[in-house]
Amino acid sequence: MRMSAARSPSTKGNWYNGARFPPGQDNIISQQDEEKHTKRRAQMAEGYAGKTNPTLEPTISMHVQNFIDLLRRNYISSDKEFKPIDMGRKASFLTMDVITDVAFGQPFGNLVNDKDIIANNSHAVKDTDVRQDMLSSFIKDGLDENDVMYESVLQIIAGADTTATAIRSIFLHIMTNPHAYRALQQEIDTAVKDGRVTGEGVIKEPEARELPYLQAVIQEGIRVWPPVTGGLQKLSPPNGDRFTLSSREEVHIPGGVNVGWSSWAMMRDKSTFGVDAEVLRPERWLEGEGTTEGKRGW
Ligand code: HEM
């Protein structure tokens, strides 16, 4: 948190060269020049925030509904006999369709074999000729043809595999944890009964945000199986930096040193999360008091 904070004097290390697609061509994540990175972020902020896309949520909900329909169809078509389905794979198909639709205005169509379903549904949510996707926002804010090409590869890599891993982890851990499963189901049932979840089909995003246990399940699912495990190395500032170990001992980091971190080790660190750090226990997010320690000082 300290080295990655917005005004931190640490910069991205040359580990980020590996995030260039193709090699030698920078994108928003690989860019180590602070000035260029800040400019690129400003140009892409609107598109990434989804502000130019008034149908962002219905578009995503439509793909989630496709995902649910696909799982149901497979179950029903097997004449009520249990038929295994590779949900991990379907989860990547879902997130690939979502990111390509919101990024480029058209989904790859991986999830549903019958492309007409997607075409018809897409038409229903986007009843306009004006492009509302992320790419059109980037172009409006000054990205040229080459920039757009390199950034679009990153959009797919950054946006699809991360979210698919999160979905897989959350489902796996909920399915195999009766306590968390029941607590989540109960929160949903009560919210529906009380009218805090309205309408048919996929839940609306602002309503989902008001379900604390659901939010804790998402946080905990990502904690217990972090989707990004790369080193994300930052270069310490010329005068060096300090780092507080979990034992509270402070160590000095010399200037110009690449500092990486292991999300796997950190997210399962017992001194941070307690003796049950290895298991999914969403309640820890509802009990914790939080800290801003890492952000302080810049
Ligand atoms: C569960 C989902 C996700 C996780 C866990 C995740 C995680 C991360 C991490 C760890 C970084 C690197 C931060 C650093 O360099 O220190 C990052 C950067 C980035 N992510 Fe994600 N991400 C997720 C979803 C997404 C999605 C859906 C998109 C695109 C639609 C996206 C786009 C980006 C971009 C553009 C950057 C680079 C930002 C910059 O350097 O200015 N991410 N993400």
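Residues numbered from 1 in each chain as written. Predicted model: local features only at pLDDT ≥ 70, side-chain atom pairs only at ≥ 80, totals over all residues. Heavy atoms only, no water.

## A look at the side chain of Ser137
Definition in use: Under the DSSP-based scheme used, a helix requires at least four consecutive residues in state H or I and a strand at least two consecutive residues in state E, with every element numbered from the N terminus. Residue exposure (1.4 Å probe, protein chains only): buried if accessible area is under 20% of the type maximum, exposed if over 50%, otherwise partly exposed. Any pair of residues with heavy atoms lying within 4.5 Å of one another is described as a contacting pair.
By the element assignment, Ser137 lies in helix H5 (residues 134-140). Relative accessible area serves as the criterion here: at 2%, Ser137 is assigned to the buried category. In contact with Ser137, not counting residues within four places along its chain, are Glu46, Gly47 and Thr52.

## Considerations on the pairing of strand S4 (residues 250-253)
Going by this rule: Any two strands between which DSSP finds at least two bridges are classified as paired.
For strand S3 (residues 241-244) and S4, the ladder comprises 4 bridges, and the chain directions are antiparallel. Each residue of the ladder has a partner; that of Asp241, found in S4, is Ile253. What sits between the antiparallel neighbours S3 and S4 is a turn of 5 residues, in which Arg248 has the positive phi angle 75°.

## A word on the pattern of salt bridges
Spelled out, the test is: Salt bridges are identified by distance alone: a Lys or Arg side-chain nitrogen within 4 Å of an Asp or Glu carboxyl oxygen.
As enumerated under the stated definition, the model contains 15 salt bridges in all. Notably, a salt bridge pairs Arg242 with Glu250, separated by 3.8 Å at the nearest N-O pair. By sharing partners, the salt bridges in this structure join Glu220, Arg223, Asp276, Arg281, Arg284 and Glu287 into a single network.

## Comments concerning the site of the ligand
The condition is simple: We call a residue near a given molecule or strand whenever any one of its heavy atoms falls within 4 Å of it. We call two N or O atoms a polar contact when they sit within 3.5 Å, provided that within protein one can donate a hydrogen and the other can accept it, with sequence-adjacent residues counted only if both atoms are side-chain atoms.
The environment of the ligand is formed by 17 residues, the closest being Lys12, Tyr16, His37, Arg41 and Lys234. Within the side chain of Tyr16, a nitrogen or oxygen atom sits 2.7 Å from an oxygen atom of the ligand. Here an oxygen atom of the ligand sits 2.5 Å away from a polar atom, N or O, in the side chain of Arg41. Elements represented by at least two residues in the shell around the ligand include exactly helix H1 (34-49) and helix H6 (145-175).

## A word on helix H9 (residues 212-224)
Cut-off, in case you're wondering: By this rule, a helix spans an expected 1.5 Å times one less than how many residues it contains.
In this model, H9 (13 residues) spans 18 Å end to end at C-alpha, consistent with the 18 Å of a helix rising 1.5 Å per residue. Listed in full, the buried residues belonging to H9 are Tyr213, Leu214, Ala216, Val217, Glu220, Gly221, Arg223 and Val224. Looking at the packing, one finds that the buried side of H9 touches H6, helix H7 (178-193), helix H8 (205-209), helix H10 (263-267), helix H11 (270-273) and helix H12 (284-287).

## Section: the sheet that holds strand S1 (residues 11-12)
Here we have 3 strands laid out as an open sheet, ordered S1-S2-S5, and antiparallel in their pairing. For this open sheet the edge positions go to S1 and strand S5 (258-259), each flanked by a neighbour on one side alone.

## Considering the environment of Thr52
Locating Thr52 in the fold gives a position in the loop between H1 and helix H2 (56-77). In this structure the C-alpha to C-alpha distance between Thr52 and Gln132, which are 80 residues apart in sequence, comes to 5.8 Å. Residue contacts for Thr52: discarding those within four places in its chain leaves Glu46, Gln132, Asp133, Ser137 and Lys140.

## Digging into the nonpolar core
Inclusion rule: Nonpolar cores are built from buried Ala, Val, Leu, Ile, Met, Phe, Trp, Tyr and Cys residues. Side-chain atoms within 4.5 Å join them into one set.
One finds Ile174, Leu184 and Val217 to be the most contacted residues of the largest nonpolar core, which totals 13 residues. Only H6, H7 and H9 provide two or more residues apiece to this core. By residue number, the principal contributor to this core is H9, which donates 4 residues. When near neighbours in sequence (up to four residues on either side) are disregarded, Ile174 contacts Ala180, Tyr181, Leu184, Val217 and Leu280. Counting 12 residues, the second largest nonpolar core, distinct from the first, contains Val102, Leu135, Leu154 and Ala160.

## Structural notes on the packing of aromatic side chains
Inclusion rule: What counts as a ring pair is set by centres within 6.5 Å for rings of Phe, Tyr and Trp (its six-membered ring), and what kind of pair is set by the plane angle: stacked under 30 degrees, edge-to-face over 60, tilted for all other angles. Our definition puts a charge over a ring when NZ of Lys or CZ of Arg is within 6 Å of the ring centre and also within 35 degrees of the ring normal.
Applying the stated criterion across every chain, the model contains 4 aromatic pairs. With a centroid separation of 5.0 Å and an interplanar angle of 80°, the aromatic rings of Trp15 and Tyr16 are classed as edge-to-face. Geometry around Phe273 places Arg223 over its ring, the cationic atom sitting 4.8 Å from the centre.

## Examining H6
Compared with an ideal rise of 1.5 Å per residue, which puts 31 residues at 45 Å, H6 spans 45 Å between its outermost C-alpha atoms and is within 8% of the ideal. A distance of 3.1 Å separates the backbone nitrogen of Asn146 from a side-chain oxygen at the start of H6, and that oxygen is part of Asp144.

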